[in-house]
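Fold and geometry: a report
Listed below, chain by chain, are the residues.
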Amino acid sequence: MARDVRLLTAPFDPQAELARFSADRALAGGIVSFLGQVRGDASVEALELQYYEPLTLPGMESLADDAMGRWPLEGLLIIHRTGLMHPGDPIVLVSAAARHRRDAFAAAEFAMDHLKSESWFWKREKANGEWRWIEPRTVDFDDLKRWQ
Amino acid sequence: MALRLVFMGRLETVAGSGECAVPFAATLDTVLAALEPALADALTADTIRLAVNGALVNDTAALVLHDGDELAFLPPVSGG
């Protein structure tokens, strides 16, 4: 099982996922992981991520295949939440295992940059009782350009 | 004879719901002309992508619709 890509509608346990992913890759020289969680903010009460079934998971799988083709990886884990979340809740977990650390660092960052600004998710947050849609930031596109 | 329209992200707020059914029409222009002008404007903004039955459409002018098609209007994404 080289890659494991999942779209979840319910909470997940990042530590348990990482433990399992690492155990399956005892011979990898390095594993780089990124966990994104709902940022704590005095005014933000909740965050909701929407997805579009026909595009979102296929897009994530295609992204994982791109990363696997670009770097010699022992494995790649991508887990992304959708639905309603609260500050501190895990949103996204990316973990890349490789023989050498630079490949693992690069693949994990590549996957995150593309999940942020090129994957089929729409985010809104609730602050002071009001829901507001979040549009992508310029810096997210700049992050993406580094890989072109 | 109908089409299903899906509104993602902020378009859901503009439309007042995440999806709706509209009478069948063979072209996108005809579908849009039957909607509230404010919604039609929001759906035709430069930043909105269209997917028909889960496949992205690059040339909407050449699009020929079929009964039962699902048209998803996709604003700029924000994940992670």
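The structure this text deals with has already been given above.
Residues numbered from 1 in each chain as written. Chains lettered and ligands numbered in written order. Predicted model: local features only at pLDDT ≥ 70, side-chain atom pairs only at ≥ 80, totals over all residues.

Attention now moves to the overall build of chain A. For chain A, the helix and strand inventory stands at four helices and eight strands. For chain A, the succession of helices and strands along the chain, N to C, is β-α-β-β-α-β-β-β-α-β-β-α. Taking 2.2 N^0.38 as the reference for a compact globule, 148 residues should give roughly 15 Å; the C-alpha atoms of chain A span a radius of gyration of 16 Å, in line with that estimate. Counting only C-alpha atoms and orienting by the principal axes, one finds that chain A spans roughly 50 × 35 × 30 Å. For chain A, the proportion of its 148 residues judged to be buried stands at 31%. For chain A, the share of sequence-separated contacts (at least 6 apart) that also reach a separation of at least 24 residues comes to 76%. (Helix = DSSP H or I, 4+ residues; strand = E, 2+ residues; numbered from the N terminus. Rg over C-alpha atoms; globule rule 2.2 N^0.38 Å. Buried ≥ 20, exposed ≤ 12 C-beta atoms within 10 Å, placed from the backbone. Contact = placed C-beta atoms within 7 Å.)

Residue and element names in this part refer to chain A. Between helix 3 (residues 101–118) and helix 4 (residues 138–145), the least distance of the axes is 9 Å, while the angle of their chain directions is 140°. Classed by the angle they form, the pair helix 3 and helix 4 counts as oblique. The handedness of the crossing between helix 3 and helix 4 is left-handed. Across the interface between the two elements, Asp113, His114, Lys116, Ser117 and Glu118 of helix 3 pack against Asp140, Phe141, Asp143 and Leu144 of helix 4. Residue composition of the contact of helix 3 with helix 4, by class: two nonpolar, two polar and five charged. (Axes fitted to C-alpha atoms, helices over the stretch in contact; angles between N-to-C directions. Parallel < 35°, antiparallel > 145°, perpendicular 65-115°, else oblique. Left-handed = near helix turned anticlockwise from the far one by under 90°. Nonpolar A, V, L, I, M, F, W, Y, C, P; charged D, E, K, R; others polar.)

With that out of the way, let us pick up the sheet that holds strand 8 (residues 130–134) of chain A. Residues and elements named next belong to chain A. With respect to topology, four strands assemble into an open sheet ordered 5-3-7-8, the strand pairing being antiparallel. Where the open sheet ends on each side, the last strands, each with one partner, are strand 5 (83–85) and strand 8. Strand after strand, the sheet turns through a mean of 25° between neighbouring axes, direction not considered. Pairing of strand 7 (residues 121–127) with strand 8 involves five bridges; the strand directions are antiparallel. The partner of lysine 126 across the bridge, within strand 8, is tryptophan 131. (Pairing = 2+ DSSP bridges.)

Let us now look at the packing of helix 2 (residues 53–70) of chain A against helix 3 of chain A. Residue and element names in this part refer to chain A. Here helix 2 crosses helix 3 at 155°, and the two axes come no closer than 10 Å. Accordingly, the angle class assigned to the pair helix 2 and helix 3 is roughly antiparallel. Classified by chirality, the crossing of helix 3 by helix 2 is right-handed. Contact with helix 2, carried on its side by Leu63, Ala67 and Arg70, involves Ala107, Phe110, Ala111 and His114 of helix 3 and no other residues of that element.

Opposite the 14 residues of chain B that make contact, chain A presents 21 residues. Elements represented by at least two residues in the side of chain B that touches chain A include exactly helix 1 (10–15) and strand 5 (70–74) of chain B. Classifying every residue of the side of chain B that touches chain A gives seven nonpolar, six polar and one charged.

Moving on, we come to unusual backbone geometry. Of note, the phi angle at Asn128(A) is positive, near 50°, even though the residue is not glycine. Relative to the helices and strands, Asn128(A) resides in the loop between strand 7 and strand 8. Taking the number of C-beta atoms within 10 Å as the measure of exposure, Asn128(A) has 9 and is therefore exposed. Positive phi values are uncommon outside glycine, yet Asn53(B) reaches one of about 50°.

Residue and element names in this part refer to chain A. Examined against the element boundaries, leucine 49 turns out to sit in strand 3 (residues 44–51). In this structure, the C-alpha to C-alpha distance between leucine 49 and arginine 3, residues 46 residues apart in sequence, is 23 Å. Contacts of leucine 49, omitting those with residues within four sequence positions, involve Arg81, Thr82, Gly83, Phe121 and Lys123.

Residue and element names in this part refer to chain A. An order of 1-4-6-2 is seen for the four strands of this open sheet, with the pairing classed as mixed. Only two strands of the sheet have a single partner each, and these edge strands are strand 1 (3–8) and strand 2 (30–37). Geometrically, the sheet is characterised by an average inter-axis angle of 5° between neighbouring strands, direction not taken into account. As paired strands, strand 2 and strand 6 (residues 90–98) are joined by eight bridges and run antiparallel to one another. Residue pairing in the sheet places glycine 30 in a bridge with alanine 98 of strand 6. Running at roughly 150° to strand 6, helix 3 makes contact with strand 2, strand 4 (73–81) and strand 6 of the sheet.

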